[in-house]
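Report on the structure
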Amino acid sequence: MDTRDAFRHNVLTSGHRACSGCGEAMAARMVTDLIGPEAIYVNATGCLQVFSTHNQQSAWQAPWIHSVFANAAAVASGVEAALRARGEDTPVIVQAGDGGTFDIGLQCLSGMIERGHDVLFVCYDNEAYMNTGVQRSSSTPHAVRTTTSPPGRVSEGKHHLKKDLISIVAAHRMPYAATATVAYFPDLRAKVDKAMRIKGPRFLHVLSPCPLGWDHDAALSVTVARLAVETGLFPLIELEYGAVTGVTRLARQQPVEEYLKLQGRFKHLFADKGGAEEIRHLQALADANIRRYGLLDANTEWDTDRASQTQRHGRGGYAASSREVSP
Ligand SMILES: Cc1ncc(C[n+]2csc(CCOP(=O)(O)OP(=O)(O)O)c2C)c(N)n1
């Protein structure tokens, strides 16, 4: 292999302008290398687009389209429909941040899923609008400090809960939806592989730590992502046709403080009077996830029967109309 081939090996090559320790760059490299260059990538506006395509340069070694912030799923729907009309089955992948998924892109994502487009949507969730200066999104967890949810006399950071997007997406009864992080590569690989074997709309939610916005040591991105899982704050789950069909169980649960104390975005909780109550609240949210998904329970059985029954209906495994889905 000559050096030019070595350069071409990664779909997202080196030399882009991501911050050091960027979880989104790590996640995108993992996901796109697993899928490969024989796909069409649609990228919503956001950090990934900005740092990979600066002023007429591109780090992408695959067909790549930049959509606007709101409509990546609609652009991908059009690309997929055009390919289908030509009898081609090139995979179509959307990449977007949490702002482009949970907030401004949600309507187009819902439409893409509801119409049954054969597209994999990947959300790299860094839990705020990082590209524009760390503004809170509906994915920002409770009590986090962002530039638009500053802690002070009135509040302890963001007031509201992180939106439960995986449940919203799965409620469309789509063939496959899963959560993953950069900390568990074999798990991420298995989920990408599975998603690429399934026809119809698929969704992958990848937690991607951001050293700038989360204010943690750039060398600790993977550690922070692992702790998000080990505390129960970010459960690793799979859903098929609306039913949970897989969870990554925990050997033991870490207290949320272990996760929070590594990140400056939670620093005020350890300094302010009201902080202890917010930490208890975050612990209660983690505990609720542990119970909801049986993360510490070796005997939980998931509803694989219901998922496979539903799967028997419809075209390419995906129900084409409401009549094809049993209640
Ligand atoms: C309609 C519209 N509103 C606002 C913007 C400005 N804008 C560009 S990227 C961005 C934030 C992106 O956040 P996210 O999707 O979470 O991705 P990240 O940068 O965090 O990876 C915003 C607000 C825009 N481009 N278009």
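Residues numbered from 1 in each chain as written. Predicted model: local features only at pLDDT ≥ 70, side-chain atom pairs only at ≥ 80, totals over all residues. Heavy atoms only, no water.

**A word on the packing of helix α2 (residues 23-35) against helix α8 (residues 185-197)**
The description of two helices packed together rests on the angle between their axes and the distance between the axes. Applied cut-off: Axis angles are defined between N-to-C directions and span 0 to 180 degrees, where every axis is a line fitted to C-alpha atoms and, for a helix, only to the segment in contact. Helix and strand labels come from DSSP, where a helix needs a run of H or I of at least four residues and a strand needs a run of E of at least two; each type is numbered from the N terminus. An angle below 35 degrees is treated as roughly parallel, one above 145 as roughly antiparallel, one from 65 to 115 as roughly perpendicular, and anything else as oblique. Crossing chirality is assigned from the near helix's rotation relative to the far helix, an anticlockwise turn below a right angle marking it left-handed and a clockwise turn marking it right-handed. Residue contacts are defined here by distance: any two heavy atoms, one from each residue, within 4.5 Å place the two residues in contact.
Between α2 and α8, the least distance of the axes is 10 Å, while the angle of their chain directions is 45°. Taken together, the axis directions place α2 and α8 in an arrangement best described as oblique. Helix-helix and strand crossings are classified by hand; for α2 and α8 the assignment is right-handed. Residues Met30, Val31, Leu34 and Ile35 of α2 form the contact with α8, whose participating residues are Phe185, Leu188, Arg189, Val192 and Met196.

**Some thoughts on the site of the ligand**
Cut-off, in case you're wondering: We call a residue near a molecule or strand as soon as one heavy atom of that residue lies within 4 Å of the molecule or strand. Whenever two N or O atoms come within 3.5 Å, that pair is a polar contact, provided that in protein one can donate a hydrogen and the other can accept it, and provided that, for residues adjacent in sequence, both atoms are side-chain atoms. Asp, Glu, Lys and Arg are counted as charged, while Ala, Val, Leu, Ile, Met, Phe, Trp, Tyr, Cys and Pro are counted as nonpolar; the rest, among them Gly, fall into the polar class.
The full set close to the ligand counts 16 residues, and Glu24, Cys47, Gly99, Gly100 and Met130 are the nearest of them. Between an oxygen atom of the ligand and a side-chain N or O atom of glutamate 24, the distance comes to 2.8 Å. With respect to the ligand, the side chain of asparagine 126 contributes an N or O atom lying 3.0 Å from an oxygen atom. Taken together, the residues of the shell around the ligand break down into six nonpolar, eight polar and two charged.

**Things to note about the pattern of salt bridges**
To be explicit about the condition: In what follows, salt bridge is the name for a side-chain nitrogen of Lys or Arg lying within 4 Å of a carboxyl oxygen of Asp or Glu. Each residue's exposure class comes from its accessible area (1.4 Å probe, protein chains only) as a fraction of the maximum for that residue type: buried when under 20%, exposed when over 50%, partly exposed otherwise.
For the structure on display, the rule yields 13 salt bridges. Residue aspartate 118 is joined to arginine 202 by a salt bridge in which the shortest nitrogen-to-oxygen separation is 2.9 Å. One end of the pair, aspartate 118, is in the loop between α6 (106-114) and β4 (119-125); the other, arginine 202, is in strand β6 (residues 202-207), and 84 residues separate them in sequence. Owing to a relative accessible area of 4%, arginine 202 belongs among the buried residues under this scheme. A network of salt bridges, in which partner residues are shared, links Asp125, Glu127, Lys162 and Arg265.

**As for the sheet that holds strand β1 (residues 40-43)**
This is how the line gets drawn: Strands are labelled as partners when DSSP assigns at least two bridges between them.
One open sheet accounts for eight strands, arranged β2-β1-β3-β4-β6-β5-β7-β8; its pairing is mixed. Pairing within the sheet leaves two strands with one partner each, and these edge strands are β2 (64-66) and β8 (243-247). Within the sheet, the average angular offset between the axes of one strand and its neighbour, ignoring direction, is 20°. Both β1 and β2 contribute to a ladder of three bridges, which runs parallel. Opposite valine 42, over in β2, you have isoleucine 65 as the bridge partner. Packed on one face of the sheet, helix α4 (residues 72-85) meets β1, β2, β3 (92-97) and β4 and runs near 175° to β3.

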